[in-house]
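Chain residues, written in single-letter form:
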Amino acid sequence: MGTRNSADRVPGREREGNAQVGVLTLAGAPIGQAADAPARLAEALATADVIAAEDTRRVRQLASALDVQLSARIVSYYDVIEVRRAAELVTELQAGKDVLVVTDAGMPAISDPGYRLVAAAAAEGIRVTAVPGPSAVTTALAVSGLPSDRFCFEGFPPRKSGERARRFGELAADPRTQVLFESPRRVAATLAELRDSHGDDRAAVVCRELTKTHEEIVRGSLGELVAWAAGQEESGGGVRGEITLVVAGIGQAAVRAAARAAAREARRAERHREG
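Remember, predicted model here, so these are calculated numbers, not experimental data.

(A) Here's a closer look at the nonpolar core. Judged by nonpolar contacts, the single largest core of 21 residues is most densely connected at Leu191, Val206 and Leu245. If you list the elements that add at least two residues to this core, you get helix H6 (161-172), helix H7 (187-198), strand E8 (203-208), helix H8 (222-234) and strand E10 (243-247). Look past the residues within four positions of Leu191 in its chain and what remains in contact with it is Val206, Leu222, Leu225, Val226, Ala229 and Leu245. Counting 18 residues, the second-largest nonpolar core is a separate cluster that includes Leu41, Ala48, Ile51 and Leu100.

Written out as structure tokens, the structure reads:
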């Protein structure tokens, strides 16, 4: 964030007393090692007026690791209180305070709190900027070895079985590479459900503890990964750590085969109606 002059502020948005509004900054936090923090993060932490943190203890630990002395007022900002806190933070911004949003890891608003605050600030004409940083989504995609020219991010899959089945059924026919987050407690079941929807031979990658000391990247077909996860549970403890799944999209050959099958079925139905 640093020191700003009047040109850095949002034009035309001044509170009573001719003071200018603050700036909302979303800051990427390391997904593993503190040394991976973007260079500007230390300055942003040191100069913010208000820090909205998913976990206030974690942001203090991060600041300590980066040798930063915090002078900001630190408030919690997590899913349950996101809507209420967003309104409070907009008020702080309108009062001229610079607000920094930091989640536990990765970029705010990417399957983490943030987008509601951004929308509320933008609606008020408040400047929104970012200190770009690591993201488990793009990191997993990059190391997966699967096509990255087109991909979709699905966040955490729905928990209700019916919704999960519908979502996975839709994704099975999607040609884009698919990136998902999952709890280590549910990853074995999710891999089995993806195998059922996408097919035993669909290529996939399990990325565990990305950039951390015990990083593990397991590649294979969904059938092979289901067996791997079952083996982890049998050996005791199951799969542990932060999990990102990357699943290949449906191949063009499969798309063409499905289209031919649909066309044949349509012709049979037409002949049946005529005859």
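The structure having been displayed, the exposition proceeds.
(B) Just the layout of surface pockets, in detail. Within this model, the largest pocket holds a volume of roughly 850 Å³. Lining the largest pocket are 39 residues, with Ile31, Arg58, Asp104, Ala105 and Glu242 positioned closest to its centre. When residues of the lining of the largest pocket are traced back to their parent elements, those giving at least two are helix H2 (56-65), helix H5 (136-144), strand E7 (177-182) and E10. Sort the elements by how many residues they give to the lining of the largest pocket and H2 lands first, with 5 residues. The residue inventory of the lining of the largest pocket, partitioned by class, reads 19 nonpolar, 9 polar and 11 charged.

(C) Quick look at the confidence of the model for the chain. Residues of the chain with pLDDT of at least 70 account for 89%, and the chain-wide mean is 88. When the elements of the chain are averaged for pLDDT, helix H9 (residues 252-274) gives the smallest value, 71, and E10 the largest, 97. Low pLDDT, under 50, characterises residues 1-18; the predicted model gives this stretch 36 contacts beyond four residues in sequence or across chains.

(D) Local environment of the packing of H7 against H8. With their axes 9 Å apart at the nearest point, H7 and H8 run at an angle of 160° to one another. If you check the angle between H7 and H8, you find them roughly antiparallel. Relative to H8, H7 is oriented so that their crossing is left-handed. From H7, Ala188, Leu191, Ala192, Leu194, Arg195 and His198 reach across to H8, where they touch Leu222, Gly223, Leu225, Val226, Ala229 and Glu233. Across the contact of H7 with H8, the residue classes break down as 8 nonpolar, 2 polar and 2 charged.

(E) Representation of the sheet that holds strand E6 (residues 151-153). Spatially, 5 strands are ordered E6-E7-E10-E8-E9 in an open sheet, and the strand pairing comes out mixed. In this open sheet, the two strands that pair with only one neighbour each are E6 and strand E9 (216-221). Taken over all neighbouring pairs, the strand axes of this sheet differ in orientation by 20° on average, direction set aside. Across the sheet, H7 lies against E7, E8 and E10, angled at about 10° from E10, the strand it touches most. Its contacts with the sheet place H8 against E8, E9 and E10, and it is angled at close to 130° to E9.

(F) Structural detail: the sheet that holds strand E5 (residues 128-131). With parallel pairing, the 5 strands of this open sheet are ordered in space as E3-E2-E4-E1-E5. The sheet is open, and its two edges are formed by strand E3 (73-76) and E5, each paired on a single side. Neighbour to neighbour, the strand axes of the sheet diverge by 25° on average, direction disregarded. Of the strand pairs in this sheet, strand E2 (residues 50-53) and strand E4 (residues 99-102) are connected by 4 bridges, and their pairing is parallel.

(G) A look at the pattern of salt bridges. Applying the stated criterion across every chain yields a total of 14 salt bridges. Linking Arg167 and Glu154 is a salt bridge whose minimum nitrogen-to-oxygen distance equals 3.2 Å. Of this pair, Arg167 sits in helix H6 while Glu154 sits in the loop between E6 and H6; the two residues are 13 residues apart in sequence, bridging distant segments of the chain. The salt bridge involving Asp196 is made with Arg195; its shortest N-O contact spans 3.5 Å. You can call Asp196 exposed: its relative accessible area is 60%. A relative accessible area of 28% places Arg195 in the partly exposed class. Salt bridges sharing partners connect three or more residues here, namely Arg164, Glu182, Arg186 and Glu193.

(H) Region of the structure containing the packing of H6 against H7. Contact geometry of H6 with H7 gives a least axis separation of 9 Å together with a crossing angle of 50°. When the interaxial angle is binned, H6 and H7 end up oblique. When the axes of H6 and H7 are compared, the crossing they make is right-handed. Note on element contacts: H7 touches H6 through Thr190, Glu193, Leu194, Ser197 and His198, opposite Arg164, Phe168, Gly169, Leu171 and Ala172. Taken together, the residues that form the contact of H6 with H7 break down as 4 nonpolar, 4 polar and 2 charged.

(I) How the structure looks around the side chain of Thr103. With respect to the secondary-structure elements, Thr103 resides in the loop between E4 and helix H4 (115-123). Engagement of the side chain of Thr103 in a polar contact is seen with the backbone oxygen of Gly106, the distance being 3.4 Å. Once you skip the residues sitting within four places of it in the chain, Thr103 turns out to touch Ala29, Glu54, Pro108, Asp112 and Pro113.

Cut-offs applied
- Residues numbered from 1 in each chain as written.
- Predicted model: local features only at pLDDT ≥ 70, side-chain atom pairs only at ≥ 80, totals over all residues.
- Heavy atoms only, no water.
- Core = buried A, V, L, I, M, F, W, Y, C linked by side-chain atoms within 4.5 Å.
- Buried < 20%, exposed > 50% of the residue type's maximum accessible area, 1.4 Å probe, protein only.
- Helix = DSSP H or I, 4+ residues; strand = E, 2+ residues; numbered from the N terminus.
- Contact = heavy atoms within 4.5 Å.
- 1 Å grid on protein atoms, 1.4 Å probe; cavity = no way out; pocket = protein on both sides within 12 Å on 5 of 7 lines; lining within 4 Å.
- Points joined across faces, edges and corners; volume = space filled by probe spheres on them.
- Nonpolar A, V, L, I, M, F, W, Y, C, P; charged D, E, K, R; others polar.
- pLDDT = per-residue confidence, 0-100.
- Axes fitted to C-alpha atoms, helices over the stretch in contact; angles between N-to-C directions.
- Parallel < 35°, antiparallel > 145°, perpendicular 65-115°, else oblique.
- Left-handed = near helix turned anticlockwise from the far one by under 90°.
- Pairing = 2+ DSSP bridges.
- Salt bridge = Lys/Arg side-chain N within 4 Å of Asp/Glu carboxyl O.
- Polar contact = N/O pair within 3.5 Å; in protein donor to acceptor, adjacent residues only side chain to side chain.

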